[in-house]
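Report on the structure
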Amino acid sequence: MSVNYKKLCEELFGTTDVDELKAISDSVKVKNNRGAGRKRKFSDEQISQMLEMQAKNISQAEIAKHFGTSRQTVVRYLHENLEEDYNMQIDYMYRTSVCTTIFVDFKSEKIKIINKTDDIIHRAFGIKDNPSWDDFMIFLKDRCFPESRGDKKTLLKVLGVDSYDPLQIVEKTKGKTYEDKQWMKFKYRRKVEI
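Here is a short report on the structure shown in this document. (Residues numbered from 1 in each chain as written. Predicted model: local features only at pLDDT ≥ 70, side-chain atom pairs only at ≥ 80, totals over all residues. Heavy atoms only, no water.)

1. Some thoughts on the sheet that holds strand β1 (residues 88-94)
Operational definition: Should DSSP find at least two bridges between two strands, the strands are regarded as paired. The helix count covers DSSP runs of H or I at least four residues long, the strand count covers runs of E at least two residues long, and both are numbered beginning at the N terminus. Under this scheme, a helix contributes an axis fitted over its contacting stretch, all axes are lines through C-alpha atoms, and angles between N-to-C directions fall in the 0 to 180 degree range. Note on contacts: a residue pair qualifies if any of its non-hydrogen atoms lie within 4.5 Å across the two residues.
The sheet built from four strands is open, its strands ordered β3-β2-β1-β4 with antiparallel pairing. At either end of the open sheet lies a strand with only one pairing partner, and these are β3 (110-115) and β4 (182-188). Sheet twist, expressed as the mean angle between neighbouring strand axes with direction ignored, is 20 degrees. With seven bridges joining them, β1 and strand β2 (residues 97-105) adopt antiparallel strand pairing. Bridging from a neighbouring strand, Ile90 pairs with Ile102 of β2. Taken strand by strand, helix α6 (residues 133-142) contacts β1, β2, β3 and β4, and its axis lies near 125 degrees from that of β2. Relative to β4, helix α8 (residues 166-173) is tilted by about 105 degrees, and along the sheet it contacts β1 and β4.

Spelled out as structure tokens, the structure:
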């Protein structure tokens, strides 16, 4: 079946003149000429700049001011979506800055990290870029009170935890310790029941 494009253009646009068709095309390209609705998304280059600023411990409010947007918008770009193969994300924080994002897959006992600071003291695993599952378990224990602590049972009861499980403890305490200003923020993949 042969299509008569000249006739089709006449039916759709009311003309077959090339200049008129270009003008129609240009007018369609100018969408939202009054600037209403959602603002333009940031380019990959701008998002990289935001991540670099965050790595230098520049606050999210300052980053938002620099890019002329809200803090909530910056947060959306600085925090990755939970990756498909992982069921938990832990943001290891120093005050209000994310230092390391840890993706956790409990079924396969694997983790993946993204360091967001050059300061190895504030990174979850220091100089390690590919920590093992054992490294992750040690990291969790380091963010808990010692298992040998005399009032362990009382502390576990206060936290509402049945046994000394470092993950459950850090979920309750956010991994805060008296030694530093670091803490953890948890995100979970929700299972959709069908």
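2. Quick word on the packing of aromatic side chains
Basically, it comes down to this: Classification of ring pairs rests on two measures: the distance between centres of Phe, Tyr or Trp rings, Trp counted by its six-membered ring, which must be within 6.5 Å, and the angle between planes, read as stacked under 30 degrees, edge-to-face over 60 and tilted in between. Only protein chains enter the accessibility calculation, which uses a 1.4 Å probe; a residue whose area is less than 20% of its type maximum is buried, one above 50% is exposed, and one in between is partly exposed.
In this structure the tally under the stated criterion is six aromatic pairs. Taking 5.9 Å as the distance between ring centres and 45 degrees as the angle between the ring planes, the aromatic pair formed by Tyr86 and Phe103 counts as tilted. In this pair, Tyr86 sits in the loop between α5 (71-78) and β1 while Phe103 sits in strand β2, placing the two residues 17 residues apart along the sequence. Relative to Trp133, the ring of Phe106 lies with its centre 5.9 Å away and its plane at 90 degrees, an arrangement referred to as edge-to-face. Here Phe106, found in the loop between β2 and β3, pairs with Trp133, found in helix α6; they are 27 residues apart in sequence, far enough to count as distant. A residue is classified by how much of its surface remains accessible, and Trp133, at 15% relative accessible area, is buried. Here a set of aromatic residues connected by ring pairs shows up, and it is made of Tyr92, Phe125 and Phe139.

3. Topic: α6
Note the cut-off: Throughout, the arc means the angular range of directions from the helix axis out to the C-beta atoms. For this analysis, a polar contact is any N or O atom pair within 3.5 Å, provided that within protein one partner can donate a hydrogen and the other can accept it, and provided that sequence-adjacent residues contribute only side-chain to side-chain pairs.
Buried within α6 are the following residues: Trp133, Asp135, Phe136, Phe139 and Leu140. Taken end-on, α6 shows its buried residues confined to a sector of 155 degrees, consistent with a single buried face. Along α6, exposed side chains directed more than 90 degrees from the buried face belong to Asp134 and Asp142. Check the buried side of α6 and you find it contacts β1, β2, β3, α8 and β4. Its side-chain oxygen placed 3.4 Å from the backbone nitrogen of Asp134, Ser132 serves as the N-cap of α6.

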